[in-house]
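The primary structure of each chain is shown beneath.
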Amino acid sequence: MNSQDEIENTPTGISSRFICTANHGFAPYAQEELRRKFGSVKSTVLLPGEIFLGTLDVSSQEAIERLRMEQPIFLRHIFPVQYQIGIVEGNKDNAMLQLTACLQHLPELRGAQVTVQARKAGQDSWEGTSTDLKDEIQEGLKELVHEFVVKEAELIVSVLATDKALYAGISSPQDNLSDWNGGAVRFQKEEGQISRAKFKLLEAERVFGIDFTAFKEALDIGAAPGGWTSFLLERGLRVTAVDPAKMHPSLMESDRLTYLNKNADSVKFRENQFDLLVCDMSWSPKLTAKLVTALLYSLVPGGTAIVTVKLLSKKPLALIREVMDTFEEANLQIQRAKQLFHNRDEITLYMVKY
Ligand SMILES: C[S@@+](CC[C@H](N)C(=O)[O-])C[C@H]1O[C@@H](n2cnc3c(N)ncnc32)[C@H](O)[C@@H]1O
């Protein structure tokens with residue numbers, strides 16, 4: 001079945017469909033974000049807690065524009081569904097042939113630089129790996145496409161395989177909320193890497209487009225064992241790290257590190273001492289907000305704050321609103337609030353002091 005032949009009964013007569021992805025367990029909040037933004041949303045779960053097919057009562061272009069203008073927190077990745085090919089009686093080869101035939105008719109692919117992003121919704125949804133699936137699609141398109149690239153594609157061909165259907169769509173990389181496959185930002189683990197927490201700051205750098213080399217003096221609250229501190233030192237900053245727990249010994253050699261082996265509620269700094277404040281305490285979100293705001297005198301106006309907010313409550317959207325209000329009342333302007341791929345039960349706030 002080609003979904004372009006389907007007619008949806010919507011109040012406006014216009015609708016668009018997207019494959020939507022959130023971090024595992026957070027899809028219901030991504031659905032709620034869409035509902036709040038677009039009114040009614042029809043959702044079909046494709047991978048529980050993670051991937052769903054969302055139907056919106058607006059055109060695909062309008063949906064993308066509105067999502068890009070005010071980016072969602074939990075919705076990590078989308079791609080528009082232009083084709084939905086049913087897998088009849090388990091005949092996956094036939095479904096793939098049909099999909100390739102559909103894609104081969106798309107004039108925009110001719111001569112373009114294309115990335116194919118293929119995913120499976122569950123282990124058994126396709127034989128072979130996601131890479132095998134991608135290779136099959138590329139094979140079918142090789143006469144048409146100028147070049148298959150990994151980065152800086154003009155167009156992305158996205159395919160999701162479930163055990164019942166292949167979903168596919170073509171979009172510009174910036175229209176998918178993330179140009180990574182499914183929004184899963186992957187970094188190589190480095191030798192001697194102190195903690196996986198470092199990936200969160202690496203991802204914040206990429207996703208929020210923050211140039212950390214532009215800062216000079218950072219305060220890292222809840223710094224141990226030191227993944228974030230090591231990242232900031234690598235970017236050339238001087239770092240004051242605060243934590244009652246011990247930092248990794250490899251960091252202690254740096255003459256740009258000041259380590260305060262203390263609780264963050266018992267430290268004192270000069271006014272405007274820092275131009276960057278980061279905090280990753282894995283602690284009660286409201287107490288974290290209180291602690292960070294109490295130290296804001298040490299952050300220069302125009303300085304940046306990056307804070308992870310643990311989602312302990314069953315109502316994360318309400319909790320996030322409350323925590324953001326606390327920060328906003330303390331003169332922090334929220335630039336982005338996002339559940340990064342490397343955030344577990346938390347989100348990351350990127351803020352600027354005014
Ligand atoms: C998730 S770990 C931080 C990981 C760190 N960002 C990294 O990259 O290695 C949380 C840290 O917050 C610290 N912490 C918790 N409460 C704190 C407080 N009130 N003051 C300072 N540090 C605190 C804990 O001791 C713990 O080391």
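Everything numeric in this text was worked out from a predicted model, so none of it was measured.

**Brief notes about the overall build of the protein**
Phase 1 of the analysis: Helix and strand counts for the protein stand at 8 helices and 16 strands.
Phase 2 of the analysis: Here the C-alpha radius of gyration of the protein, 23 Å, is about what a compact globule of 354 residues would show, namely 20 Å.
Phase 3 of the analysis: For the protein, the spread of C-alpha atoms along the principal axes amounts to about 65 × 45 × 35 Å.
Phase 4 of the analysis: Per-residue burial for the protein yields a buried fraction of 53% across its 354 residues.
Phase 5 of the analysis: In the protein, the share of contacts with a sequence separation of at least 24, taken over all contacts with a separation of at least 6, comes to 67%.
Phase 6 of the analysis: When the accessible surface of the protein is split by element, carbon and sulfur atoms take 48% of a total near 17000 Å².
Phase 7 of the analysis: For the protein, the centre of its 40 positive side-chain charges and the centre of its 47 negative side-chain charges are spaced 6 Å apart.

**Remarks on the packing of helix H5 (residues 198-208) against helix H6 (residues 227-234)**
Phase 1 of the analysis: Between H5 and H6, whose axes approach to 7 Å, the crossing angle comes to 45 degrees. Of the possible angle classes, the one that applies to H5 and H6 is oblique. Of H6, the residues touching H5 (which contributes Lys198, Lys200, Leu201, Leu202 and Glu205) are Gly227, Trp228, Ser230, Phe231, Leu232 and Glu234.
Phase 2 of the analysis: In terms of residue class, the contact of H5 with H6 is made up of 5 nonpolar, 2 polar and 4 charged.

**Notes on the site of the ligand**
Phase 1 of the analysis: Every one of the 19 residues lining the ligand counts as a neighbour, but Gly227, Trp228, Asp243, Ala264 and Asp280 are closest to it.
Phase 2 of the analysis: For the ligand, an oxygen atom lies 3.0 Å from a polar atom in the side chain of Ser195.
Phase 3 of the analysis: Relative to its unbound accessible surface of 610 Å², the ligand loses 83% to contact with the protein.
Phase 4 of the analysis: Residue classes in the shell around the ligand are distributed as 11 nonpolar, 6 polar and 2 charged.

**Concerning the pattern of salt bridges**
Phase 1 of the analysis: One pass over the structure, following the stated rule, counts 15 salt bridges.
Phase 2 of the analysis: A salt bridge links Arg238 to Glu217, with the nearest nitrogen and oxygen atoms 2.9 Å apart. On the criterion of sequence distance, the pair formed by Arg238 in strand S11 (residues 238-242) and Glu217 in strand S10 (residues 217-221) is long-range, its members being 21 residues apart.
Phase 3 of the analysis: Three or more residues are tied together by salt bridges with common partners; here these are Glu32, Arg35 and Arg36.

**A short note on the sheet that holds strand S3 (residues 51-56)**
Phase 1 of the analysis: Across the sheet, 4 strands lie side by side as S2-S3-S1-S4; this open sheet has antiparallel pairing. Bordering the open sheet on either side are strand S2 (41-47) and strand S4 (77-80), each of which pairs with just one other strand. Averaged over all pairs of adjacent strands, the angle between their axes in this sheet comes to 25 degrees, without regard to strand direction.
Phase 2 of the analysis: Pairing of strand S1 (residues 16-21) with S3 involves 6 bridges; the strand directions are antiparallel. Directly across from Phe18, in S3, lies its bridge partner Gly54.
Phase 3 of the analysis: Along the sheet, helix H2 (residues 60-69) makes contact with S1, S3 and S4, crossing S1 at roughly 40 degrees.

**Description of the packing of helix H3 (residues 92-104) against helix H4 (residues 130-141)**
Phase 1 of the analysis: Closest axis-to-axis distance for the H3/H4 pair is 9 Å, and the angle between their directions is 45 degrees. Classified by the interaxial angle, the pair formed by H3 and H4 is oblique. For the element pair H3 and H4, the recorded crossing hand is right-handed. Contact residues: H3 offers Met96, Thr100, Leu103 and Gln104, while H4 offers Leu133, Glu136, Ile137, Gly140 and Leu141.

**Examining the packing of aromatic side chains**
Phase 1 of the analysis: For the structure shown, the criterion picks out 9 aromatic pairs.
Phase 2 of the analysis: Aromatic rings pair up to connect Phe26, Tyr29 and Phe74 into one cluster.

**Observations regarding helix H7 (residues 285-294)**
Phase 1 of the analysis: Buried residues of H7: Pro285, Thr288, Ala289, Leu291 and Val292, and no others. The arc that holds every buried residue of H7, seen down its axis, measures 165 degrees, which confines them to one face. In H7, the exposed positions angled more than 90 degrees off the buried face are occupied by Lys290 and Ala294.
Phase 2 of the analysis: Elements in contact with the buried residues of H7: S10, strand S13 (274-279), strand S14 (299-310) and helix H8 (316-329).

**What to know about the confidence of the model for the protein**
Regions with low pLDDT carry predicted coordinates that are not meant to be interpreted in detail.
Phase 1 of the analysis: Confidence in the prediction of the protein, expressed as mean pLDDT, is 93, and 97% of residues score 70 or more.
Phase 2 of the analysis: In this model residues 1-9 is a low-confidence stretch, pLDDT under 50, and it forms 21 contacts with partners more than four residues away in sequence or in other chains.

**With respect to the sheet that holds strand S9 (residues 165-171)**
Phase 1 of the analysis: The strand order across the open sheet formed by 5 strands is S5-S9-S8-S6-S7, and the pairing between neighbours is mixed. Of all strands in the sheet, those bounded by a partner on one side alone are strand S5 (83-86) and strand S7 (147-148).
Phase 2 of the analysis: Bridge count between strand S6 (residues 113-120) and strand S8 (residues 155-161): 7 bridges; the pairing is parallel. Bridge pairing in S8 places Val116 opposite Val157.
Phase 3 of the analysis: The sheet strands contacting H3 are S5, S8 and S9, and the helix crosses S5 at an angle near 155 degrees.
Phase 4 of the analysis: Its contacts with the sheet put H4 on S6, S7 and S8, and the angle it makes with S6 is roughly 140 degrees.

**Describing a negative patch on the surface**
Phase 1 of the analysis: Negative charge collects at one region of the surface, where Asp93, Glu127, Asp132, Asp135 and Glu136 lie side by side.
Phase 2 of the analysis: The element best represented in the negative patch is H4, accounting for 3 residues.
Phase 3 of the analysis: By secondary structure assignment, the location of Asp93 is in helix H3.
Phase 4 of the analysis: The class of Asp93 is exposed, set by a relative accessible area of 57%.

Each value, and the rule that gives it
- Residues numbered from 1 in each chain as written.
- Predicted model: local features only at pLDDT ≥ 70, side-chain atom pairs only at ≥ 80, totals over all residues.
- Heavy atoms only, no water.
- Helix = DSSP H or I, 4+ residues; strand = E, 2+ residues; numbered from the N terminus.
- Rg over C-alpha atoms; globule rule 2.2 N^0.38 Å.
- Buried < 20%, exposed > 50% of the residue type's maximum accessible area, 1.4 Å probe, protein only.
- Contact = heavy atoms within 4.5 Å.
- Areas by Shrake-Rupley, 256 points an atom, 1.4 Å probe, with all protein chains shown as cover.
- Lys, Arg positive; Asp, Glu negative; His and termini not counted.
- Charge placed at Lys NZ, Arg CZ, Asp CG, Glu CD.
- Axes fitted to C-alpha atoms, helices over the stretch in contact; angles between N-to-C directions.
- Parallel < 35°, antiparallel > 145°, perpendicular 65-115°, else oblique.
- Nonpolar A, V, L, I, M, F, W, Y, C, P; charged D, E, K, R; others polar.
- Near = heavy atom within 4 Å.
- Polar contact = N/O pair within 3.5 Å; in protein donor to acceptor, adjacent residues only side chain to side chain.
- Salt bridge = Lys/Arg side-chain N within 4 Å of Asp/Glu carboxyl O.
- Pairing = 2+ DSSP bridges.
- Left-handed = near helix turned anticlockwise from the far one by under 90°.
- Phe/Tyr/Trp six-rings, centres within 6.5 Å; stacked < 30°, edge-to-face > 60°.
- Arc of directions from axis to C-beta.
- pLDDT = per-residue confidence, 0-100.
- Patch = residues over 30% accessible without salt bridge, like charges linked within 9 Å, V, L, I, M, F, W, Y side chains within 5 Å.

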